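Report on the structure
Each chain, written out:
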Amino acid sequence: MSRTQRLFSLMQLLRRHRYPVAGAALADSLGVSLRTLYRDIAVLQAQGAHIEGAPGVGYVLKPGFLLPPLMFSEEEIEAIVLGSRWVAKRTDGALAEAAANALAKIAAVLPADLRGALEASTLLIGPGDPLPPAIVDLTDIREAIRAERKLQLSYRDEAGRVSERVVWPFALGYFDRIRMIVAWCELREGFRHFRADRIVAMVVTETRYPRGRRALLKTWRETTGRT
């Protein structure tokens, strides 16, 4: 196990425990000596990890610490690159730009060997069918979801009929050929799925819907059996 992998594994072990874990138990799990464990903990603390404890007492990772990018394994880097490439090719311009910016930030702080793995990744995204044109901007929908704002929609169904809806958007699904808004529909008094390319007109209102988006997502999953 390389030092980078060992440090990553140590962070993962600490994340699993809410209370102090004995140094001997951590060292045994990693297959290293106590001396090596103490040195690794000092390295992580120097990098900003809020690890509290001392020899003979145990160690605990305080909440709120974000894992530094340099701790990514090579497979995690490949997953990030592949996901970012899919986002760049199969979503809207704002998300594509955000994916490129995120990769640049990660590359800037990675050690040289891992940065090389990121830049030389051979996992590619193949071409897909062109998406149907949409009038609405998906950025506006994502912002409405984050702010938990109601949407007023003029929506055309599969038969071409247009209806007026007020919906509570709480999720946005990206499929190969369509983009789907998951929402509570006030007209139907239930969960409904709306294709972005069938929205004729949309207004993001200033009205917050009465239930939080996380609660709506949880209920939708329980109702539909989705994960």
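Look a little higher up for the structure.
Residues numbered from 1 in each chain as written. Predicted model: local features only at pLDDT ≥ 70, side-chain atom pairs only at ≥ 80, totals over all residues. Heavy atoms only, no water.

A tally of helices and strands in the protein yields eight helices and seven strands. By the compact-globule yardstick of 17 Å for 227 residues, the protein is too spread out, its C-alpha radius of gyration being 23 Å. Along the first, second and third principal axes, the C-alpha atoms of the protein reach 70 × 40 × 30 Å. Counting only residues that meet the buried cut, the protein has 37% of its 227 residues in that class. Residue pairs in contact within the protein that sit at least 24 positions apart in sequence constitute 60% of those at least 6 positions apart. Accessible surface, the protein: about 13400 Å² in total, of which carbon and sulfur atoms supply 53%. Separation between the mean location of the 33 positive side-chain charges and that of the 25 negative ones in the protein comes to 4 Å. (Helix = DSSP H or I, 4+ residues; strand = E, 2+ residues; numbered from the N terminus. Rg over C-alpha atoms; globule rule 2.2 N^0.38 Å. Buried < 20%, exposed > 50% of the residue type's maximum accessible area, 1.4 Å probe, protein only. Contact = heavy atoms within 4.5 Å. Areas by Shrake-Rupley, 256 points an atom, 1.4 Å probe, with all protein chains shown as cover. Lys, Arg positive; Asp, Glu negative; His and termini not counted. Charge placed at Lys NZ, Arg CZ, Asp CG, Glu CD.)

This brings us to the pattern of salt bridges. Two side chains with opposite charge may pair up if their charged atoms get near one another. Counted under the stated rule, the structure contains nine salt bridges. A salt bridge links R177 to D129; the shortest N-O distance between them is 2.9 Å. Separated by 48 residues along the polypeptide, R177 in the loop between β4 (162-174) and β5 (179-185) and D129 in the loop between α6 (112-119) and α7 (138-147) bring together distant segments of the chain. K150 is the partner of E186 in a salt bridge, and the nearest nitrogen-oxygen pair spans 2.8 Å. In this pair, E186 sits in the loop between β5 and β6 (190-195) while K150 sits in strand β3 (residues 149-156), placing the two residues 36 residues apart along the sequence. Sharing partners across several salt bridges, the network here consists of E148, R208 and R213. (Salt bridge = Lys/Arg side-chain N within 4 Å of Asp/Glu carboxyl O.)

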